[in-house]
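Single-letter residue listing:
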Amino acid sequence: QVQLVESGGGLVQPGGSLRLSCEASGTIISIVAMGWYRQGPGKQRELVATLNSGGGTNYADSVKGRFSISRDNAKKTVFLQMNSLKPEDTAVYYCTSRLYTSVGKWDDYWGQGTQVTVSS
């Protein structure tokens, strides 16, 4: 019933920008944390960025200074602003969220992924 839906992926030239969105829907009481992971071709899934309920952020070293994570609590949406994109940023990007769906009960959820391709 709870779903995370990503959008905003696509093809962009090196040095360009993309803004990914992930909207959570369903029976949600509150959001503990939301974040983004990515998996490039033949690579392991890696952390990109996380944002907790207190506003704390965490970024992979490879994206620091280029990517920014933010949220819209009213819309239950997390964003990933990606600037100065490089070919090595090419990957399927996955939204993840730790959600309370009832009092005292939380679980982790994943979106279906959205493709980001950085190429000329």
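The preceding data block contains the structure.
Rules behind the numbers
- Residues numbered from 1 in each chain as written.
- Predicted model: local features only at pLDDT ≥ 70, side-chain atom pairs only at ≥ 80, totals over all residues.
- Heavy atoms only, no water.
- Helix = DSSP H or I, 4+ residues; strand = E, 2+ residues; numbered from the N terminus.
- Rg over C-alpha atoms; globule rule 2.2 N^0.38 Å.
- Buried < 20%, exposed > 50% of the residue type's maximum accessible area, 1.4 Å probe, protein only.
- Areas by Shrake-Rupley, 256 points an atom, 1.4 Å probe, with all protein chains shown as cover.
- Lys, Arg positive; Asp, Glu negative; His and termini not counted.
- Charge placed at Lys NZ, Arg CZ, Asp CG, Glu CD.
- Pairing = 2+ DSSP bridges.
- Axes fitted to C-alpha atoms, helices over the stretch in contact; angles between N-to-C directions.
- Phe/Tyr/Trp six-rings, centres within 6.5 Å; stacked < 30°, edge-to-face > 60°.
- Lys NZ or Arg CZ within 6 Å of the ring centre and 35° of its normal.
- Polar contact = N/O pair within 3.5 Å; in protein donor to acceptor, adjacent residues only side chain to side chain.
- Contact = heavy atoms within 4.5 Å.
- Core = buried A, V, L, I, M, F, W, Y, C linked by side-chain atoms within 4.5 Å.

**Side note on the overall build of the protein**
Here is step 1 of the chain: A tally of regular secondary structure across the protein gives zero helices and eleven strands.
Here is step 2 of the chain: The secondary structure elements of the protein, listed N-terminal to C-terminal, are β-β-β-β-β-β-β-β-β-β-β.
Here is step 3 of the chain: Over its C-alpha atoms the protein spans a radius of gyration of 14 Å, differing by no more than 12% from the 14 Å that the globule rule assigns to 120 residues.
Here is step 4 of the chain: Taking all 120 residues of the protein together, the buried fraction comes to 38%.
Here is step 5 of the chain: Carbon and sulfur atoms provide 46% of the accessible area of the protein, an area that totals close to 6400 Å².
Here is step 6 of the chain: Charged side chains of the protein number 12 positive and 9 negative; the gap between the two group centres comes to 3 Å.

**As for the sheet that holds strand β8 (residues 77-82)**
Here is step 1 of the chain: Strand order in this open sheet of four strands is β1-β3-β8-β7, and the pairing throughout is antiparallel. The open sheet has two edge strands, β1 (3-7) and β7 (67-72), and neither has a second partner. For this sheet, the mean angle separating the axes of adjacent strands, direction not counted, is 15°.
Here is step 2 of the chain: Alignment of β7 against β8, held across six bridges, turns out to be antiparallel. Looking at β8, one finds that Ser70 is bridged to Phe79.

**So, the packing of aromatic side chains**
Here is step 1 of the chain: Inspection of the entire model under this criterion finds one aromatic pair.
Here is step 2 of the chain: If you follow Arg19 out to its NZ or CZ, it ends over the ring of Phe79, 4.2 Å from the centre.
Here is step 3 of the chain: Lying over the aromatic face of Tyr94, Arg45 brings its terminal NZ or CZ to 4.1 Å of the ring centre.

**What to know about the side chain of Arg38**
Here is step 1 of the chain: Of note, Arg38 is situated in strand β4 (residues 30-39).
Here is step 2 of the chain: Given a relative accessible area of 5%, Arg38 falls into the buried group.
Here is step 3 of the chain: One polar contact links Arg38 to Ser62, side chain to side chain, over a distance of 3.4 Å.
Here is step 4 of the chain: Here the side chain of Arg38 touches Asp89 through a polar contact of 2.9 Å, side chain to side chain.
Here is step 5 of the chain: Contacts of Arg38, omitting those with residues within four sequence positions, involve Gln44, Arg45, Glu46, Val48, Ser62, Val63, Phe67, Glu88, Asp89, Ala91, Val92 and Tyr93.

**Brief notes about the nonpolar core**
Here is step 1 of the chain: Grouped together as the largest cluster of nonpolar side chains are 28 residues, with contacts concentrated most on Trp36, Val48, Phe67, Ile69, Leu80, Met82 and Tyr93.
Here is step 2 of the chain: Going through the elements one at a time, β3 (18-25), β4, β5 (46-52), β7, β8, β9 (91-102) and β11 (114-118) are the ones with two or more residues in this core.

**Some details on the side chain of Thr96**
Here is step 1 of the chain: Mapped onto the secondary structure, Thr96 falls in strand β9.
Here is step 2 of the chain: Judged by relative accessible area, which is 11%, Thr96 ranks as buried.
Here is step 3 of the chain: If we ignore the near neighbours within four places in the chain, the residues touching Thr96 are Leu4, Ala33, Met34, Gly35, Tyr37, Tyr109 and Trp110.

Function cannot be inferred from these measures alone, as they are strictly geometric.
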